[in-house]
Amino acid sequence: MAIIEVKDLTFKYPNSKEPALKNVSLTVERGEIVVVMGPTGAGKSTLAYCLNGTIPHFIEGGEFKGTVKVCGMDTREHPIRILAQKVGLVFDDPEIQMFGMKVFECVAFGPANLGVPLDEINKRVKYSLEACRLKGFEYRNPYQLSGGEKQSVSIASALAMLPEVLVLDEATAMLDPLGRERIYSVVKELNEEYGITFIVITQDSEEVAPIADRIVIMDKGRILLDKPPREAFREVELLEKVGIRIPPVVYLANKLREKGLWSGETPLTVEEAKEIMRKLVKKKVKPPEEKKVEAGKPIIRVENVSFVYPGGVKALSNVSLTIREGEITAIIGQNGSGKTTLAKLLNGLLKPTEGKVLVEGVETTKKTVAELSKVVGYVYQNPDLMLFSPTVEEELAFGPRNLGVPEDEIKERIKLVLEKLKITKYRRTPPSMLPRGIRKRVALGSILTMKPKVVVVDEPTTGQDWLESLWIMDILKELNNEGHTILVISHDMELVARYTNRVIMMSQGRILIDSDVRTAFTMREELSKASIAPPQAARLAQELSDLGIPPTILHVEELLEVV
């Protein structure tokens, strides 16, 4: 029985030239898990807004054609307060879904407004918090949590409503790898136990493929593909053209199929791929050599640093490390492990409670943030915390102008940064009017125009599709090649493996691993403690190490050499 029926849906936003959705038809059966994927601007979020009545009731003035029925209700004929009891929606921005000064208040808000009895509310809050790894956070201020923790709160708030349909719109984008895995296991559990129907909008192809009933691919407002996962991921030409991230084990199987070495079902997990590889591996190979990076002199030193936030939350405990000129380093770890706190200490946004942070040999406590910004630039995880100027051009000019850079040079810097980040056409656009991915580029640009020696980027690919993610990481690699020292905070282990040379892994405010990238991803026990899963290709290689496959392999291309 269909629980969602979308027929010939076309929607154009007010003042927009092109419709965001073009003649979309989609039927979802009760109890299905349907994954919707596509590049930025494909229309995925617009479709989500149509499913719970945000369009047309909240976003007014657009052109709406066609019909959307959810749980038998036409969304145009029922108000959001009625639809919300049937359809839950978790947005990609967690802060717009916070209603309360304590975490438990945020999670209880929805069921309380539906008139759910107190005992049942408490049961739902407890279950949702535990499911989202938030036990112990009940009395924390949600606005003081890390970005990933905030997103976990927004997911828990939706879970507590126990709706018939739950739409997750990039709801796991800020979570660590095992956090994403945990949420998807909860999705599967809620689907099986309560029969909740899920629409999951995401770029997390490898995590969601095993639980999905169908994969729907969208681009430019249209549905291009709607098939079960194993069939969908065989459409390689279409997926690559649109820019969908193909899970590494699927990519491996597709390449083996091209070579005539495999003709069976497409694997969706490392376990399934392991069985294929065991039949095909015929020779031992030499371990891949890691290119030695000639790092320069120390530019940042962190010496026995601890940091405690107001209220007594200890974010860092006795952390020491050295950053050298020319490095491109990843800082990884679970949500709330101290990554962002460490990053903010490097440019003086925070001062150590104990210990020292030295930038070019001088303690950060002896310099202003403005003075430190000449050496260390920090790009926030949420770009909206950085953007305040009326136009992109003025945003890029703000930093260097406050540093006293001459106007002629400011203009030249702006021109170069606009071109490098491919945002020239937005130069006179208010940043607040831009898509999140473009706002992230503007935030990065506002730092680059100050020409710092060190660029720290907190989750540079959040809100970006796969091609955009590769593009932004290519930019950071290019900056590194030009002489900038780059620190990337990321939950995307595939990108960490592709682009960085050194990994600093944190857990509970401490550094557990500080190593080259290949060695770091073989340290399974430490990674597990920090809720980090190595990239799929690395996990597969390690599972096959008894056959002589080097456990330091990181990429599918290296695995293909084995067969």
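In this text, all values refer to a predicted model and were calculated from it rather than measured experimentally.

Caption draft 1: Region of the structure containing the overall build of the protein chain. Counting its regular elements, the protein chain contains 23 helices and 20 strands. Taking 563 residues into account, the globule formula puts the C-alpha radius of gyration at 24 Å, and the protein chain, at 24 Å, falls close to it. With the principal axes as the frame, the protein chain shows a C-alpha extent of 65 × 60 × 50 Å. In the protein chain, which comprises 563 residues, the proportion classed as buried is 57%. Within the protein chain, contacts between residues at least 6 apart in sequence are counted, and of these 68% link residues at least 24 apart. Looking at the protein chain as shown, the accessible area adds up to about 24,100 Å², and 49% of this sits on carbon and sulfur atoms. Positive and negative side-chain charges of the protein chain, numbering 76 and 78 respectively, have mean locations separated by a distance of 2 Å.

Caption draft 2: Expanded view of the packing of aromatic side chains. Counted under the stated rule, the structure contains 8 aromatic pairs. Consider the rings of Phe 11 and Tyr 13, whose centres lie 5.0 Å apart with planes at 85°: the pair is edge-to-face. Phe 11 sits in the buried class, given a relative accessible area of 1%. Under the relative-accessibility criterion, Tyr 13 is labelled partly exposed at 24%. The structure contains a cluster of three or more aromatic residues connected by ring pairs, namely Phe 11, Tyr 13 and Phe 64.

Caption draft 3: Molecular detail of unusual backbone geometry. Cis geometry marks the peptide bond from Ile 55 to Pro 56; its omega dihedral reads 15°. Residue position: Pro 56 is located in helix α2 (residues 54–58). Although it is not a glycine, Leu 162 adopts a positive phi angle of roughly 45°. Structurally, Leu 162 can be placed in the loop between α6 (147–159) and β7 (165–169). Taking relative accessible area as the criterion, Leu 162 reaches 28% and is therefore assigned partly exposed. One non-glycine residue with positive phi stands out, namely Glu 459, at about 50°. Mapped onto the elements, Glu 459 comes out in the loop between β17 (454–458) and α18 (466–481).

Caption draft 4: Summary view of the side chain of Thr 500. For Thr 500, the position within the fold is in the loop between α19 (493–499) and β19 (502–507). Polar side-chain contacts of Thr 500 include one of 2.7 Å to the backbone oxygen of Val 496. For Thr 500, the residues in contact, after removing those within four places along its chain, are Ile 328, Thr 329, Ala 330, Leu 495 and Val 517.

Caption draft 5: Broad picture of the packing of helix α5 (residues 118–131) against helix α7 (residues 177–194). Taken N-terminus to C-terminus, the directions of α5 and α7 make an angle of 135°; their axes are 10 Å apart at the nearest point. In terms of their interaxial angle, α5 and α7 are classed as oblique. Contact residues: Tyr 127, Glu 130 and Ala 131 in α5; Arg 182, Val 186, Glu 189 and Leu 190 in α7. The residue inventory of the contact of α5 with α7, partitioned by class, reads 4 nonpolar, no polar and 3 charged.

Thresholds, definitions, all that
Residues numbered from 1 in each chain as written. Predicted model: local features only at pLDDT ≥ 70, side-chain atom pairs only at ≥ 80, totals over all residues. Heavy atoms only, no water. Helix = DSSP H or I, 4+ residues; strand = E, 2+ residues; numbered from the N terminus. Rg over C-alpha atoms; globule rule 2.2 N^0.38 Å. Buried < 20%, exposed > 50% of the residue type's maximum accessible area, 1.4 Å probe, protein only. Contact = heavy atoms within 4.5 Å. Areas by Shrake-Rupley, 256 points an atom, 1.4 Å probe, with all protein chains shown as cover. Lys, Arg positive; Asp, Glu negative; His and termini not counted. Charge placed at Lys NZ, Arg CZ, Asp CG, Glu CD. Phe/Tyr/Trp six-rings, centres within 6.5 Å; stacked < 30°, edge-to-face > 60°. Polar contact = N/O pair within 3.5 Å; in protein donor to acceptor, adjacent residues only side chain to side chain. Axes fitted to C-alpha atoms, helices over the stretch in contact; angles between N-to-C directions. Parallel < 35°, antiparallel > 145°, perpendicular 65-115°, else oblique. Nonpolar A, V, L, I, M, F, W, Y, C, P; charged D, E, K, R; others polar.

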